[in-house]
Amino acid sequence: MRTLALILSALTATAQERFAGSADLDAAVEEAIRDNQIPGGVLLISHQGKVLHRKAYGNRALTPAREAMTIDTIFDAASLTKIVATTSSLMKLFEQGKLRLADKVSVYLPGFQNGKSEITIRHLLAHFSGLRPDLDLDPPWSGYDPGVKKALADAPVAQPGERFLYSDINFILLGEIVRKLSGKPLDQYAKETIFAPLAMKDTMFKPPAGLRGRIAPTEQEKGMAAPLRGLVHDPTTRFMGGVSGHAGMFTTADDLRKWAEMILNLGQAGRTRVFSPLTIRKFSEPQTPPDQTILRGLGFDIDSPYSANRGELFPLGSFGHTGFTGTSVWMDPSTKTAVILLTNSVHPHRRPPISPLRSKVATITAAALGIDLAGVLLTGYNETLTGPGSRRAVARNGNVQSGLDALAANGFASLKGRRVGLITNHTGLSREGKRNIDLMAAAGVRLTALFSPEHGITGKEDHENIGDAKDAATGVPIHSLYRGETRSPNREMLRNIDVLVFDIQDIGARFYTYACTMWNAMEEAARLGIPFVVLDRPNPITGVRVEGPVLEKELESFIGCFPMPLRHGMTIGELARMMHGERKLTGKLEVIRMKGWNRGDWFDATGLIWVDPSPNMRSLNAALLFPGIAMLEASRNYTVGRGTDAPFEQVGADWINAPELAAQLNARHVPGVRVYPTAFTPRDSVLKGVLCQGLRFVITDRERFNSARLGLELAVLLERLYPGKIPFERNERLIGSRKTIQAIRKLTDPRTIVQDEEELLRGFAAVRDKYLLYR
């Protein structure tokens, strides 16, 4: 055994000689020891499956006698238990189909909150359950079952999904769920399914007395004759007998390396497949509500007040955890790097957190690897529900050129000599405010036909029977695609056309009909062998956020002709590519890209001229509110502000008590928006001439605002305060999901509805990502 140890030490030393960061890492850890931040520790750096740095520092014990730290020291891992034992066990059960993230905790633990809680498994794993940080320990109690009983009954201090509250109670419950689903205590199940397959021979709960000499002691609490050694430091776990989902595991740096490299290798450890790559990705990607700034995976920390051990160079997309006793692990899948720092900073007494040391170690490591991570920080990590670049602060004055501007810059060369049909309206303006029709005619493009969508070529008509016409300036005939049953051009309309061009400003919401006008025309053009060209324009409410129910296939119609969410986060050109690709159209599609547009740009950052895209879409604020507010506008007894000076910025009815509704909606603390009671009388449309009470919406933070969340909050609140007033069947094609309607009728917490929709949203986001043109 001694010979093997010498060989391993020699190999490690050789690797460390090649690692540029070793000297700086030594200096950082040794300084922490000199400053009495830690008594000692073990630091291990793994990169692409190779150990770059592996060293013991300082002392394992200071009292009752000094003992030198050794590489094989066993540490009380504290909260690393949460990811290595509990989360890993849950990942295994998840793969076996025994666990669903969206299920309420009460499905698995019927006694939880008397079976009435909306808290889900995902809430527990991401620390958004609203449960307190820990159980009360006074008066003292003991035993695993009493601990679980207390956790089942502990009252939340916040609503599920409302805010991040790091809670050991979450993982006490999750540990019990492992026991219930596997039929084995957490320590036994983790050993059999995780530790043993990875040959983690020194990882366990309740280590035997024979290992005491290798275990790093922790705190000597008041009244104790000696420091804790081999007995878990966490008092709640001690009360529970040494095994809990939140603490109790002991381990070594070498064992953690095996686990971390398996995670970084997407579940593969040598010839052993521990997890599916999809499971690793699922649990390590952001799972927190989209309107929250904190990022947590399922068990894993990504970007929160606890993630100092990411350092200042590892990118978002890396993940890990810390432990109260001074332990930490951080993993970066983009570089396949693991940083493992194990200390017993609570020995023989508690010290300030070692966050600065953890951060230094990670930063030194990333810098020494010589990898350019700067680009990754902004765009390398695709936050699935928010899109590439979504964490970029947006406060710029851009100089965006639309697809029309780009095509005009080369004199419309690709259209010359062809008979052109143009689907457009009043929004088809250049950066200088000139009509596309006039620009094309002036350039000698042969325009043979124009096609107008809902609201007509001028965008002023607000009815369903818009007639054909002629363009006054050019005399080109205008075919209405919004007359009677006509929603698509027919063969006769396209008879003298060689290429069909689409140039209309969309608004970024699924049920805004211009996208379906485009799809209908693109489909007919493909059938007739006519090339289709889309002049791209910005998504005015950014190309970042993806929100709301995904449209169910059986609910497709002209106000929703593709299975996408309320807020899709795509430009009209990207939508065309997705529809064309996913529906496998054989016709030729070309998208003329914009220049200078970033996904995080709001319309006011583009420098382009705002023209009301439709008669009631009168501001960027209205466009942002529209996906959520318009969910219910098929109701004939409820107005979304059409016929007033502020459509989609206010709602009302003659059966609403405005002060009551405003108070209760504000009490929900929907991020980024406030409301105040109002009264108004629509001059036109629904409830024309009827005095209505209702709400006026004020956007306070558009970066955090989730329009679909607001729409769901409003729908559930209206059903709770005024049961049966909203005819949800009339609105099902707008909402797009009968499952969501059922949840609204059951008065399900809207935050839970949002969480439940994330699975479908992630599926859409994966499809969407293939067709994005801008990053």
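An account of the accompanying structure is given in this report. (Residues numbered from 1 in each chain as written. Predicted model: local features only at pLDDT ≥ 70, side-chain atom pairs only at ≥ 80, totals over all residues. Heavy atoms only, no water.)

As for the overall build of the chain
- Secondary structure assignment for the chain yields 23 helices and 23 strands.
- Taken over the C-alpha trace, the chain has a radius of gyration of 30 Å; the compact-globule value for 775 residues is 28 Å, and the two agree within 12%.
- Each charge class in the chain was averaged separately, 96 positive and 82 negative side chains, and the resulting centres sit 3 Å apart. (Helix = DSSP H or I, 4+ residues; strand = E, 2+ residues; numbered from the N terminus. Rg over C-alpha atoms; globule rule 2.2 N^0.38 Å. Lys, Arg positive; Asp, Glu negative; His and termini not counted. Charge placed at Lys NZ, Arg CZ, Asp CG, Glu CD.)

Structural notes on helix α21 (residues 738-745)
- Listing the buried residues of α21 in full gives Thr740, Ile741, Ala743 and Ile744. Looking down the long axis of α21, one finds its buried residues gathered within 160° of arc, a one-sided arrangement.
- Buried residues belonging to α21 abut α19 (707-721), α20 (732-735) and α22 (750-756).
- Two or three places before Lys739, at the opening of α21, Ser737 has a side-chain oxygen 3.4 Å from that residue's backbone nitrogen. (Buried < 20%, exposed > 50% of the residue type's maximum accessible area, 1.4 Å probe, protein only. Arc of directions from axis to C-beta. Contact = heavy atoms within 4.5 Å. Polar contact = N/O pair within 3.5 Å; in protein donor to acceptor, adjacent residues only side chain to side chain.)

Thoughts on the packing of aromatic side chains
- Scanning all chains against the criterion turns up 16 aromatic pairs.
- Their ring planes at 25° and their centres at 6.3 Å tell us that Trp259 and Phe300 sit as a pair that is stacked. Of this pair, Trp259 sits in helix α9 (residues 253-264) while Phe300 sits in the loop between β9 (295-296) and β10 (301-303), and the two are 41 residues apart along the sequence. Phe300 shares its class with Trp259; the two are buried.
- On the numbers, 5.2 Å between centres and 85° between planes, the contact of Phe511 with Phe626 is edge-to-face. Residue Phe511 is found in the loop between β18 (499-503) and α15 (514-528), and its partner Phe626 is found in helix α17 (residues 620-629); the two are separated by 115 residues along the sequence.
- In textbook terms, an aromatic cluster arises when at least three aromatic residues are bridged by ring pairs, as seen for Phe511, Tyr512, Tyr514, Phe626 and Phe648.
- Over the aromatic face of Phe171 sits the side chain of Lys82, whose NZ or CZ is 6.0 Å from the ring centroid.
- It is Arg487 that lies over the ring of Tyr482; its NZ or CZ is 4.0 Å from the centre. (Phe/Tyr/Trp six-rings, centres within 6.5 Å; stacked < 30°, edge-to-face > 60°. Lys NZ or Arg CZ within 6 Å of the ring centre and 35° of its normal.)

What about the environment of Thr327?
- Here Thr327 shows up in strand β12 (residues 327-332).
- Judged by relative accessible area, Thr327 falls into the buried class, the value being 0%.
- Remark: the alpha-carbon pair of Thr327 and Ile354, spanning 27 residues in sequence, is separated by 9.3 Å.
- Sequence-distant contacts of Thr327, defined by excluding residues within four places in its chain, comprise Phe75, Asp76, Ala77, Leu80, Thr322, Leu341, Leu342, Thr343 and Arg358.

What about the sheet that holds strand β4 (residues 75-76)?
- Pairing is antiparallel in the open sheet, where three strands are placed in the order β4-β6-β5. This sheet does not close on itself; its edge strands, each paired only once, are β4 and β5 (204-205).
- Across two bridges, β4 lies against strand β6 (residues 249-251) in antiparallel orientation. Of the residues in β6, the one forming a bridge with Asp76 is Phe250. (Pairing = 2+ DSSP bridges.)

As for the sheet that holds strand β16 (residues 469-470)
- Reading across from one edge, β16-β17-β15-β14-β18-β19-β20 is the order of the seven strands in this open sheet, with mixed pairing throughout. What marks the edges here is a single partner per strand, and that holds for β16 and β20 (589-592).
- In this structure, β18 lies alongside strand β19 (residues 532-535), joined through three bridges in parallel fashion. When the bridges of β19 are listed, Phe502 appears paired with Val534.
- Most of the contacts of α15 go to β19, to which it runs at about 155°, and overall it touches β14 (419-424), β18, β19 and β20.
- Along the sheet face, helix α16 (residues 572-582) touches β18, β19 and β20 and points at about 165° away from the line of β20. (Axes fitted to C-alpha atoms, helices over the stretch in contact; angles between N-to-C directions.)

As for the state of the cysteines
- Scanning all chains against the criterion turns up one disulfide.
- There is a disulfide in this structure between Cys516 and Cys561, and the S-S distance comes to 2.3 Å. Note on the Cys516 and Cys561 pair: the S-S dihedral is about -105°, so by sign convention the disulfide is left-handed. Of this pair, Cys516 sits in helix α15 while Cys561 sits in the loop between β19 and α16, and the two are 45 residues apart along the sequence. (Disulfide = S-S within 2.5 Å.)

Some details on the pairing of strand β15 (residues 446-452)
- Within β15, five of the seven residues are buried, which leaves the element mostly enclosed by the surrounding structure.
- Direction of pairing for β14 relative to β15: parallel, over a ladder of five bridges. Residue pairing for β15: Ile423 is matched across the bridge by Phe451.
- Bridging between β15 and strand β17 (residues 477-480) involves three bridges; their strand directions are parallel.

Digging into the pairing of strand β13 (residues 337-343)
- Here β13 lies mainly inside the structure; seven of its seven residues are buried.
- The side-chain alternation of β13 yields two buried faces, one formed by Thr337, Val339, Leu341 and Thr343 and the other by Ala338, Ile340 and Leu342.
- Bridge count for strand β1 (residues 40-47) against β13 is seven bridges, and the pairing is antiparallel. Residue His47 lies in a different strand from β13, and its bridge partner there is Thr337.

Considerations on the pattern of salt bridges
- Using the criterion set out here, one finds 50 salt bridges in the structure.
- With a closest N to O distance of 4.0 Å, Glu162 and Arg163 form a salt bridge.
- A residue is classified by how much of its surface remains accessible, and Arg163, at 37% relative accessible area, is partly exposed.
- Across the pair Asp438 and Arg435 runs a salt bridge whose closest N-O atoms are separated by 2.8 Å.
- In this structure Asp438 comes out as partly exposed when scored by relative accessible area, which is 32%.
- Several salt bridges converge on common partners, so that one network encompasses Glu162, Arg163, Arg668, Arg709, Glu713, Asp749 and Arg751. (Salt bridge = Lys/Arg side-chain N within 4 Å of Asp/Glu carboxyl O.)

Focus: the side chain of Gln505
- Looking at where Gln505 falls in the secondary structure, it is placed in the loop between β18 and α15.
- One polar contact links the side chain of Gln505 to the main-chain carbonyl oxygen of Pro538, over a distance of 2.7 Å.
- For Gln505, the contacting residues outside a window of four places in its chain are Thr427, Tyr514, Arg537, Pro538, Pro540, Phe603 and Pro613.

Section: the packing of helix α2 (residues 22-34) against helix α11 (residues 355-368)
- Packing of α2 against α11 leaves a shortest axis separation of 9 Å and a crossing angle of 175°. As summarised for this structure, α2 and α11 are arranged roughly antiparallel, according to the angle between their axes. Facing α2, whose interface residues are Asp24, Leu25, Ala28, Val29, Glu31 and Ala32, α11 presents Leu357, Lys360, Val361, Ile364 and Thr365.
- Partitioning the contact of α2 with α11 into residue classes produces seven nonpolar, one polar and three charged. (Parallel < 35°, antiparallel > 145°, perpendicular 65-115°, else oblique. Nonpolar A, V, L, I, M, F, W, Y, C, P; charged D, E, K, R; others polar.)

Considering α2
- If you check α2, its first and last C-alpha atoms are 18 Å apart, about what 13 residues at 1.5 Å a residue would give, namely 18 Å.
- Within α2, burial applies to Ser22, Leu25, Asp26, Ala28, Val29 and Ala32. The buried residues of α2 occupy an angular sector of 165° when projected down its axis, which confines them to one face. Opposite the buried face of α2, by more than 90 degrees, sit the exposed residues Ala23 and Arg34.
- Once α2 ends, the next one or two residues include Asn36, with phi positive near 60°. (Expected span 1.5 Å × (residues − 1).)

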